[in-house]
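Residues per chain, in single letters:
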Amino acid sequence: MAVIHRTTMEPGKLQLLAAWLPTRPWYTGTGAPELARAGGFRLDDPEGEVGMEFMVVTDTSGDAPVAYHVPVTYRGAPLDGAGEALVGTSEHGVLGRRWVYDGAQDPVLIAQLLALLRGRAVPQAQSLSDTPDPSVVVSEAPAGLAAVAASGTTREGKHGTDIVLDATADDEVPVTLGVRRVLLPGDPGAGDDDADVLGHVTAGWSLPEGREIRGPFAILGRGPR
């Protein structure tokens with residue numbers, strides 16, 4: 001169970017993301033972002049070592065607000081071989097220095113997101129300890145899905161991050177975990193062949209005027225997402 005501490009981080013999460021987001025290929029802005037929190041949820045690490053947060057931030061620096069989905073992990077020590085995934089470091093008021101990573105490149109978060117899609121993990125409230133978040137809706141992957149490992153090849157695109165997962169040798173089409181980055185309302189897998197969508201995670205976020213909308217945060221399927 002993740003414990004949510006009522007304390008400070010220096011620099012704060014939004015400060016770290018404001019510097020990191022413009023380096024991503026899916027960032028749609030042309031300058032420095034102006035960020036506000038807009039939603040999200042958490043997952044627990046079974047080992048109790050890694051914090052995992054699926055953050056939504058809204059950038060209002062352009063002509064229209066853009067909502068970004070940024071899963072991040074918080075670690076008490078650097079993750080070996082993951083320098084390219086580092087968002088930054090921050091001093092936590094209780095836990096000390098934390099290394100903040102892009103969760104789409106952290107094997108612990110990928111493993112728990114797959115567990116969620118298999119019905120083996122429970123989404124947690126973003127700001128409360130030991131509190132499930134029933135607003136996160138999961139369409140579970142089929143029970144007969146071949147086992148896939150929480151590792152693979154990460155591919156960044158204009159709208160999100162695809163993780164082509166390691167799978168059993170008899171899989172003819174690779175299984176891909178697609179993390180949506182630029183969030184849009186709508187049905188998961190819209191426009192895809194339904195047979196290719198194996199499971200998805202849908203959640204909500206708030207628009208700047210306060211209205212909440214929903215859309216897919218992650219889609220598991222065969223082929224590119």
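Everything here concerns the structure above.
Quick summary incoming for the structure in this document. (Residues numbered from 1 in each chain as written. Predicted model: local features only at pLDDT ≥ 70, side-chain atom pairs only at ≥ 80, totals over all residues. Heavy atoms only, no water.)

### Some thoughts on the overall build of the chain
So the rule is basically this: Segments assigned H or I by DSSP are reported as helices when at least four residues long, segments assigned E as strands when at least two residues long, and all are numbered from the N terminus. Partly exposed describes any residue whose relative accessible area lies between the buried limit of under 20% and the exposed limit of over 50%, with all areas from a 1.4 Å probe on protein chains only and scaled to the type maximum. Any two residues having at least one pair of non-hydrogen atoms within 4.5 Å are treated as being in contact. Accessible surface area values rest on a Shrake-Rupley calculation with a 1.4 Å probe, where residue burial reflects the displayed protein chains alone.
Counting its secondary structure elements, the chain contains two helices and 12 strands. Order of helices (α) and strands (β) in the chain, N terminus to C terminus: β-α-β-β-β-β-β-α-β-β-β-β-β-β. Taken across its 225 residues, the chain has 49% of its residues classed as buried. A fraction of 58% describes how many contacts in the chain between residues 6 or more apart in sequence connect residues 24 or more apart. Summed over all atoms, the accessible surface of the chain reaches about 10,800 Å², with 50% contributed by carbon and sulfur.

### A look at the nonpolar core
Heads up, the rule is: To qualify as a nonpolar core, a set must consist of buried Ala, Val, Leu, Ile, Met, Phe, Trp, Tyr and Cys residues joined through side-chain atoms within 4.5 Å.
Ranked by size, the top nonpolar core spans 34 residues in total, and within it Phe 41, Leu 165, Leu 177, Val 201, Trp 205 and Leu 220 carry the most contacts. Elements with a minimum of two residues in this core: β2 (35–43), β3 (51–59), α2 (107–117), β9 (160–167), β10 (175–180), β11 (197–206) and β12 (212–222). Per-element tally for this core: the top contributor is α2, with seven residues.

### Quick look at the pattern of salt bridges
For clarity, the cut-off: We define a salt bridge as a contact between a side-chain nitrogen of Lys or Arg and a carboxyl oxygen of Asp or Glu at a distance within 4 Å.
Inspection of every chain in the model, using the stated rule, returns six salt bridges. Notably, a salt bridge pairs Glu 53 with Arg 42, separated by 3.4 Å at the nearest N-O pair. Linking Glu 53 in strand β3 with Arg 42 in strand β2, this pair joins segments that are 11 residues apart in sequence. Considered together, Glu 53 and Arg 42 belong to a single accessibility category, that of buried residues. A salt bridge links Arg 97 to Glu 91; the nearest nitrogen and oxygen atoms lie 2.7 Å apart. Salt bridges sharing common partners tie together Lys 13, Arg 42 and Glu 53.

### Observations concerning the packing of aromatic side chains
Using the following cut-off: Only the six-membered ring of Trp is used, alongside the rings of Phe and Tyr, when aromatic pairs are assigned; centres must lie within 6.5 Å, and planes under 30 degrees apart are stacked while those over 60 apart are edge-to-face, with the rest tilted.
Evaluation of the coordinates by the stated rule reveals six aromatic pairs. Aromatic side chains Trp 20 and Trp 26 sit 5.9 Å apart centroid to centroid with 65 degrees between the ring planes, which places their arrangement in the edge-to-face category. The exposure class of Trp 26 is buried, given its relative accessible area of 0%. Linked through ring pairs, Trp 20, Trp 26, Tyr 27 and Tyr 68 together constitute an aromatic cluster.

### Re helix α1 (residues 13–20)
Where we set the bar: Throughout, the arc means that of the directions going from the helix axis to the C-beta atoms.
All of the buried residues in α1 are Lys 13, Leu 16, Leu 17 and Trp 20. Each buried residue of α1 lies within a common arc of 95 degrees when the element is viewed along its axis, so the set occupies one face. Against β1 (9–10), β2, β3, β4 (66–75), β5 (86–92) and β6 (96–102) lie the buried residues of α1.

### Regarding the sheet that holds β5
For clarity, the threshold we go by: DSSP bridges decide pairing: two strands pair if at least two such bridges lie between them.
Pairing is antiparallel across the open sheet formed by six strands, whose spatial order is β1-β5-β6-β4-β3-β2. Each of the sheet's edge strands pairs with one partner strand only, and the pair in question is β1 and β2. As paired strands, β1 and β5 are joined by two bridges and run antiparallel to one another. Bridge pairing in β5 places Met 9 opposite His 92.

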